[in-house]
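Spelled out, the chains give:
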Amino acid sequence: DMKVTQMPRYLIKRMGENVLLECGQDMSHETMYWYRQDPGLGLQLIYISYDVDSNSEGDIPKGYRVSRKKREHFSLILDSAKTNQTSVYFCASSPGTGLSAETLYFGSGTRLTVL
Amino acid sequence: GQQVKQSSPSLTVQEGGISILNCDYENDMFDYFAWYKKYPDNSPTLLISVRSNVDKREDGRLTVFLNKSGKHFSLHITASQPEDTAVYLCAAGLNQGGSAKLIFGEGTKLTVSS
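First, a word on what this report is: a plain description of the structure on this page. Bear in mind the structure is a predicted one, so any value in this text is a computation, not a measurement.

Topic: the state of the cysteines
Evaluated as defined, the whole model comprises two disulfides over all chains. Linked covalently through their sulfurs, A:Cys23 and A:Cys91 form a disulfide whose S-S length is 1.9 Å. Classification of the bridge connecting A:Cys23 and A:Cys91 rests on its S-S torsion, roughly -75 degrees, and on that basis the disulfide is left-handed. Of the two residues, A:Cys23 is situated in strand S3 (residues 19-25) and A:Cys91 in strand S9 (residues 87-94); the sequence distance between them amounts to 68 residues. The partner cysteine of B:Cys23 in its disulfide is B:Cys90, sulfur to sulfur 1.9 Å. With the S-S bond torsion at 60 degrees, the cross-link from B:Cys23 to B:Cys90 turns out right-handed. Remark: B:Cys90 occurs in strand S9 (residues 86-93) and B:Cys23 occurs in strand S3 (residues 19-25); sequence separation between them is 67 residues. Look at B:Cys23 and you get buried, because its relative accessible area is 0%. Relative accessible area serves as the criterion here: at 0%, B:Cys90 is assigned to the buried category.

This is the structure:
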């Protein structure tokens, strides 16, 4: 069963704390993404990873960093979280090859609240 | 500025009618266009997509129209049903060796009333 798994589903942190959001996929997809979703803004791309240790900034990378040490795992890290990073974070992966190369498969999202 | 824009935050259609969702984009280099559907507290899922070498693609009740000169694409849903009620996100991107860096619009909340 093709799946993108995000952990945790809900997370509450205090301002200044570090945050680690984890994402895994079992489809051997090369490309993985982190988006955040805010009301009225849709999905905004934070980072894209083309493969292990091959990461590229998206449209709103400030305040975030990522780590991809294995093809199936892609982590989003917030060093010293800020209240404006309260959002729903979605991880996604795409095949990169074939007829559906660009199709994004999304995880179920992590709702992060920074107090 | 917003590279991909959905100007209508919401749309209400009667059951059985045609739902028309619109999306405008700025970058004329985009070569891949898609519509995703999202239910509350769920993840987006791909509905239909087209590449820039076609103007139209049909899949059941769904049709995507692409107007490259106008930098506009739309999703038509015929015979709309209450189950079509959801947020629809348009996305556009540039295919770079199989990976498309997709830019999403803000979303349009479609309500199909019975």
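There's more to say after this.
Here we look at the sheet that holds strand S6 (residues 56-59) of chain B
Sheet strands pair via backbone hydrogen bonds, and the direction of the pair is either parallel or antiparallel. Residues and elements named next belong to chain B. Strands sit in the order S1-S3-S8-S7-S6 across an open sheet of five strands; the sheet is antiparallel. Each having just a single partner strand, strand S1 (4-5) and S6 make up the two edges of the open sheet. Pairing between S1 and S3: two bridges, direction antiparallel. Of the residues in S3, the one forming a bridge with Val4 is Tyr25.

Remarks on the packing of aromatic side chains
Aromatic ring pairs are defined here through the distance separating the ring centres and the angle between the ring planes. One pass over the full model with this rule turns up 14 aromatic pairs over all chains. Geometrically, the ring pair formed by B:Tyr25 and B:Phe33 is tilted, given 4.9 Å between the ring centres and 45 degrees between the ring planes. Residue classification places B:Tyr25 among the buried residues on the basis of a relative accessible area of 6%. Among the aromatic residues, those joined into a cluster by ring pairs are A:Tyr33, A:Tyr35, A:Phe90, A:Phe106, B:Tyr36 and B:Phe104.

What counts as what
Chains are numbered independently. Their residues run from 1 in the order of the written sequence. Each chain is given a letter, starting from A, and each ligand a number, starting from 1, according to the order in which they appear as written. With pLDDT at 70 or above as the cut-off, local features in this predicted model cover only qualifying residues; side-chain atom pairs require 80 or more to be listed or tallied, and sums for whole chains, interfaces and linings still use all residues. With hydrogens and water excluded, all non-hydrogen atoms of the structure serve as input to the side-chain values. Counting rule for disulfides: a pair of cysteine sulfur atoms within 2.5 Å. A run of H or I in DSSP counts as a helix once it spans at least four residues, and a run of E counts as a strand once it spans at least two, with each numbered from the N terminus. For the exposure calls, accessible area comes from a 1.4 Å probe over protein chains only, and a residue counts as buried if that area is under 20% of its type's maximum, exposed if over 50%, partly exposed in between. In short, DSSP must find at least two bridges between two strands for them to pair. Only rings of Phe, Tyr and Trp enter the pairing, Trp through its six-membered ring, and a pair is recorded when the two centres are within 6.5 Å. The plane angle decides the type: under 30 degrees is stacked, over 60 is edge-to-face, the rest tilted.

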